[in-house]
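So you can see what is in the structure, the chains are spelled out below.
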Amino acid sequence: MKKILFVCLGNICRSPAAEAIFNALVKKNGLENRFSCDSSGTLRKSIAIPAEERMVSAAKRRNIFITHSSRLTQRQDFEKFDYIVAMDDNNVENLEKIKGEFLGKAKILKMAQFLENKDVCVPDPYCGDIEDFEYALDLLEIGCKNLLEYLRNL
């Protein structure tokens, strides 16, 4: 079983959406025995907060159901998970700080690696409007589909 952790700043927009999308793809493809995932954030004040309502609503219109409450990324996550997928470069930097000298097995990946334009990150829609949430979901649907194909072929 491959374990994937999706990470963004507050764990209330992008990473819980990625978790829900990836879980739906896993279920649709009958791969529940091969993959499991979770999500977390690197912002210390985002613990046990429900997902951002605008993201939940935008996702629901696409039949994606987000039920996650935020949690903080921990050093132990680098041992528990095989892959940690960061939504942008700032998340990668934060993950490196959390990891420190710890030699966990998890490999850090960027969601951008799985997008058509690999220079594009998944921007944080929190301070934006509904179009920003829709755009983030567009990218996450593509990225999660390509990530699943990548992981299936390993």
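In what follows, the accompanying structure is described. Predicted model only: the values in this text are computed from it and were never measured.

1. Re the side chain of T42
- Secondary-structure assignment places T42 in the loop between β2 (35-41) and α2 (53-60).
- For T42, a relative accessible area of 11% puts it in the buried group.

2. Some points on the packing of aromatic side chains
- Per the stated rule, a full pass over the model turns up three aromatic pairs.
- When the centroid spacing of 6.1 Å and the interplanar angle of 90° are considered together, the rings of F22 and F35 count as edge-to-face. Residue F22 is located in helix α1 (residues 14-28), and its partner F35 is located in strand β2; the two are separated by 13 residues in the primary sequence. Like F22, the residue F35 is buried in the burial classification.
- Three or more aromatic residues link up through ring pairs in this structure, and these residues are F6, F22 and F35.
- Over the ring of Y126 we find R54; its NZ or CZ atom is 5.5 Å from the centre of that ring.

3. Observations regarding the nonpolar core
- Formed by 39 residues in total, the largest nonpolar core has its most connected members in I4, F6, F22, M111 and L147.
- Listed by contribution, the elements that provide at least two residues to this core are β1 (2-8), α1, β2, α2, β3 (83-86) and α5 (130-152).
- In this view, L147 contacts I4, F6, F22, V85, L109 and F114; residues no more than four positions away in its chain are not counted.
- Counting residues in hydrophobic clusters, the runner-up holds ten residues, among them V7, I84, V92 and I98.

What counts, and where the lines are drawn
Residues numbered from 1 in each chain as written. Predicted model: local features only at pLDDT ≥ 70, side-chain atom pairs only at ≥ 80, totals over all residues. Heavy atoms only, no water. Helix = DSSP H or I, 4+ residues; strand = E, 2+ residues; numbered from the N terminus. Buried < 20%, exposed > 50% of the residue type's maximum accessible area, 1.4 Å probe, protein only. Phe/Tyr/Trp six-rings, centres within 6.5 Å; stacked < 30°, edge-to-face > 60°. Lys NZ or Arg CZ within 6 Å of the ring centre and 35° of its normal. Core = buried A, V, L, I, M, F, W, Y, C linked by side-chain atoms within 4.5 Å. Contact = heavy atoms within 4.5 Å.

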